[in-house]
Amino acid sequence: MATHSSFTPEQWRDLWESVCRNLEGAIVSHQFHAWIYPLKWQGVLPVSEIEGQTTYRIQLLSPNDFSSRWVKNHYQTSIEKAFLQLTGCHCELELLVQTAPPNQNQSSLVVGTPLPSIQSEIQSDLGFDRKAEEASLIPTVSLSQGKSSGSFPGDMPDPRYTFDNFVVGSSNQFAHASAVAVADQPAKQYNPLFLYSPPGLGKTHLLHAIGNYLLYKNPKARVAYLSAEKFVNELIDALQHRRMPQFRSKYRDGHDIILIDDIQFIAGKHTSEEEFFHTFNALHSSQRQIVVSSDRPPKEIKDLEERVRTRFEWGLVADIRPPEMETRIAILKTKAERDDIYLPDDVASFLASCIKTNVRELEGILIRLQAQASLTGVEISLEMAKHELGSPVDAESLKLTAETIQAIVAKHYKLKIHELKASTRMKSVALPRQIAMYLVRKHTDLGLKEIGQFFGGKDHTTILHACGKIEASLETHPEIRLAIERIQSLF
Ligand code: ADP
Ligand code: MG
């Protein structure tokens, strides 16, 4: 059996992948996906040596405290045993909790020695954090990441994310349709496809879904999914080890479609942008598809070179907005069904009414409830959900009223509530008033006449006219749509 010293950092990381595969075969699928899959390889340290036998500390990064405790209680022994079997060495598991928000500069997770000066130069050029150096764990430099956030080993799309299990609603319909069109006919109509949204709304899911669909149609399709961060890390590695020709041929010639997640990560990193620019040109000019995602539209990515920005705007730019209530419920139900979780309707509605702007958080709470249920042997209930959310909220009190909506709209436009109710036709008041009418119609069960009462006794035709007008402007006036989204995010 190999001794530890023959393991490079890369091999340790591969060993972790093997341990994962063993566990995947050994435990129930949804448990694996809930607890083991989110763990990220961090590194390994020798901790003691007794009679020539070294004990190692395996460090894994867990997304939060809860998950860390769960893994410790349920899987620590299995993980340590699996490492022992594969390496012949005693390994202790240490779970670290991710503190930085995901997708920010994750270089502090890099495993490597204090870096030689040439690499430091490259790193600062690429915008890396110096803490990376302090986090060094193993005396061999390797900057390529194993599992970066959301990525599946080997640049392959993650089979868990498909079009089939993506719930479509008005907030993501356009992005979904664009993704399907690209998957159906890559490099034909929309190249590049640029998807953007705040975190947790399904960009990564759609990127994987495109890849999976292509592979489903043609298992030989050369599809790569990677995060922009991985692109940057591989570039550093290639520069450092003088492997640029291989790097270039991998990205410029090796794939028919490249799906790059969180592209905002390259902004301001000059060498990366330069390399990405040439990669983009090579792919685009040879009719190969590029799909990128970002947390904001191209023109809002700070420090992005103009020529790169322009290229993003060549194709189709599609956004995803926070899902509507119905979509949030449908997503919860889909996830519950997939993971075989019993989720009563009242709980689904309650969760969807509390968590509005991030699907990942919705999923997170479902997993927590499932964990609670299996720990206590009690089925998921409304009580449990309220308790788990940490506040004794009464679902009834979460119902929006016309008054609340008026107050939020008035605050947004810095108006007094009575101004919203009055009849002045000044545009600065008339538009907010119409928006408030539209939102009350949309979010309450009130009839047109009743709504009129809340606006100083206006006629039902006035309300109807306002709603129609705002609805039409959602398409034609992006600034109105944005304002409404911002207001709704406060509901
Ligand atoms: P982003 O990349 O925008 O931050 P993700 O694609 O990682 O978001 O989505 C976060 C989680 O929410 C994933 O588990 C994803 O499957 C789920 N999700 C987001 N939108 C949907 C949707 N419309 N239908 C089903 N699941 C969704
Ligand atoms: Mg993502």
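Structure first, text after, so check above.
A brief report on the enclosed structure follows. (Residues numbered from 1 in each chain as written. Chains lettered and ligands numbered in written order. Predicted model: local features only at pLDDT ≥ 70, side-chain atom pairs only at ≥ 80, totals over all residues. Heavy atoms only, no water.)

### Concerning the overall build of the chain
Rules: Starting at the N terminus, helices and strands are each numbered in turn, a helix being any DSSP run of H or I of at least four residues and a strand any DSSP run of E of at least two. Partly exposed residues are those whose accessible area sits between 20% and 50% of the maximum for their type, while under 20% is buried and over 50% is exposed, using a 1.4 Å probe and protein chains only. Contacts are assigned to residue pairs with any non-hydrogen atoms lying within 4.5 Å of each other. Here the open area of atoms and residues is found with the Shrake-Rupley method and a 1.4 Å probe, where only the protein chains shown may cover a residue.
Each helix and strand in the chain was counted, giving 21 helices and eight strands. Counting the 491 residues in the chain, one finds 50% classified as buried. Here the analysis covers contacts within the chain between residues at least 6 apart in sequence; of these, 72% occur between residues at least 24 apart. Accessible surface, the chain: about 23300 Å² in total, of which carbon and sulfur atoms supply 53%.

### Let's talk about the site of ligand 1
Spelled out, the test is: We call a residue near a molecule or strand as soon as one heavy atom of that residue lies within 4 Å of the molecule or strand. Between N or O atoms, a polar contact is any pair within 3.5 Å; within protein, one atom must be a potential hydrogen donor and the other a potential acceptor, and residues adjacent in sequence are included only when both atoms are from side chains. Note on residue categories: nonpolar means Ala, Val, Leu, Ile, Met, Phe, Trp, Tyr, Cys or Pro, charged means Asp, Glu, Lys or Arg, and polar means any other residue, Gly included.
Close to ligand 1 lie 18 residues; Gly200, Lys203, Thr204, His205 and Glu363 are nearest. Note that an oxygen atom of ligand 1 is positioned 2.7 Å from one of the backbone N or O atoms of Gly200. Elements supplying a minimum of two residues to the shell around ligand 1: helix H7 (203-217), helix H12 (325-338) and helix H14 (359-376). Residue composition of the shell around ligand 1, grouped by class: seven nonpolar, seven polar and four charged.

### Concerning unusual backbone geometry
Looking along the chain, the bond that leaves Asn191 and enters Pro192 is cis, with omega of 0°. Tracing the chain through its elements places Pro192 in the loop between helix H6 (173-184) and strand S4 (193-196). Within the chain, Ala187 stands out as a residue other than glycine whose phi angle is a positive 60°. Within the secondary structure, Ala187 sits in the loop between H6 and S4. Residue classification places Ala187 among the buried positions, given a relative accessible area of 18%. Non-glycine residue Lys414 carries a positive phi angle of around 55°. As for its placement among the helices and strands, Lys414 is situated in the loop between helix H16 (402-412) and helix H17 (417-421).

### Some thoughts on the side chain of Gln488
Among the secondary structure elements, Gln488 is positioned in helix H21 (residues 478-488). Take Gln488: its relative accessible area is 18%, and that puts it in the buried class. Sequence-distant contacts of Gln488, that is, excluding residues within four places in its chain, are made with Leu439, Lys442 and His443.

### Regarding the sheet that holds strand S1 (residues 40-50)
Stated formally: Any two strands with at least two DSSP-identified bridges between them are counted as paired. Fitting a line to C-alpha atoms yields each axis, with helices limited to the stretch in contact; the angle taken between N-to-C directions then spans 0 to 180 degrees.
Sheet architecture is open: three strands sit in the order S1-S2-S3, paired in mixed fashion. Bordering the open sheet on either side are S1 and strand S3 (90-97), each of which pairs with just one other strand. Strand-to-strand twist of the sheet, defined as the mean angle between neighbouring strand axes without regard to direction, takes the value 25°. Sheet topology places strand S2 (residues 53-62) next to S3; eight bridges connect them, and they run parallel. Bridge pairing links Leu61 to Leu96 in S3. Helix H1 (residues 9-26) rests against S1, S2 and S3 of the sheet, and its axis sits at about 110° to S1.

### As for the pattern of salt bridges
What counts here: The rule for a salt bridge is simple: a side-chain nitrogen of Lys or Arg has to be within 4 Å of a carboxyl oxygen of Asp or Glu.
Scanning the entire structure with this criterion turns up 26 salt bridges. Two residues, Arg481 and Asp319, come together in a salt bridge whose shortest N-O distance is 3.1 Å. With Arg481 in helix H21 and Asp319 in strand S8 (residues 316-319), this pair connects stretches of sequence that are 162 residues apart. By relative accessible area, which is 22% here, Arg481 ends up partly exposed. You can call Asp319 buried: its relative accessible area is 13%. Across the pair Lys442 and Glu324 runs a salt bridge, and its minimum N-O distance is 3.5 Å.

### Quick look at helix H18 (residues 427-443)
We count it as follows: Every helix has an expected span of 1.5 Å times one less than the residues it contains.
With 17 residues, H18 extends 24 Å between its outermost C-alpha atoms, agreeing within 8% with the 24 Å of an ideal straight helix rising 1.5 Å per residue. All buried positions along H18 are accounted for by Val429, Ala430, Pro432, Arg433, Gln434, Ile435, Ala436, Met437, Tyr438, Leu439 and Val440. Tucked inside the fold, the buried residues of H18 contact H16, H17, helix H19 (448-454), helix H20 (460-476) and H21.

### Some words on the packing of H18 against H20
To keep it simple, the criterion reads: Our angle categories are set so that under 35 degrees counts as roughly parallel, over 145 as roughly antiparallel, 65 to 115 as roughly perpendicular, and the remainder as oblique.
Here H18 crosses H20 at 95°, and the two axes come no closer than 8 Å. Between H18 and H20, the angle falls in the class roughly perpendicular. Judged by residue contacts, Leu431, Gln434, Ile435, Met437, Tyr438 and Arg441 of H18 engage Thr462, Ile463, Leu464, His465, Ala466, Cys467, Lys469, Ile470, Glu471 and Leu474 from H20. Among the residues making up the contact of H18 with H20, the classes are represented as ten nonpolar, three polar and three charged.

### Some remarks on the packing of aromatic side chains
Each aromatic ring pair is described using two quantities: the centre-to-centre distance and the angle formed by the ring planes. This is how the line gets drawn: Ring pairs shown here join Phe, Tyr and Trp side chains whose ring centres sit within 6.5 Å, with only the six-membered ring taken for Trp; geometry is labelled stacked below 30 degrees between planes, edge-to-face above 60, and tilted in between. Put simply, a charge is over a ring when the Lys NZ or the Arg CZ is close to the ring centre, within 6 Å, and near the line of the ring normal, within 35 degrees.
Applying the stated criterion across every chain, the model contains 14 aromatic pairs. Where Phe7 meets Trp12, the ring centres are 5.4 Å apart and the plane angle is 75°; that geometry is what we call edge-to-face. The same class applies to Phe7 and to Trp12, which are both buried. In this structure, Arg160 is placed above the aromatic ring of Tyr37, and the distance from its NZ or CZ to the ring centre is 3.9 Å.

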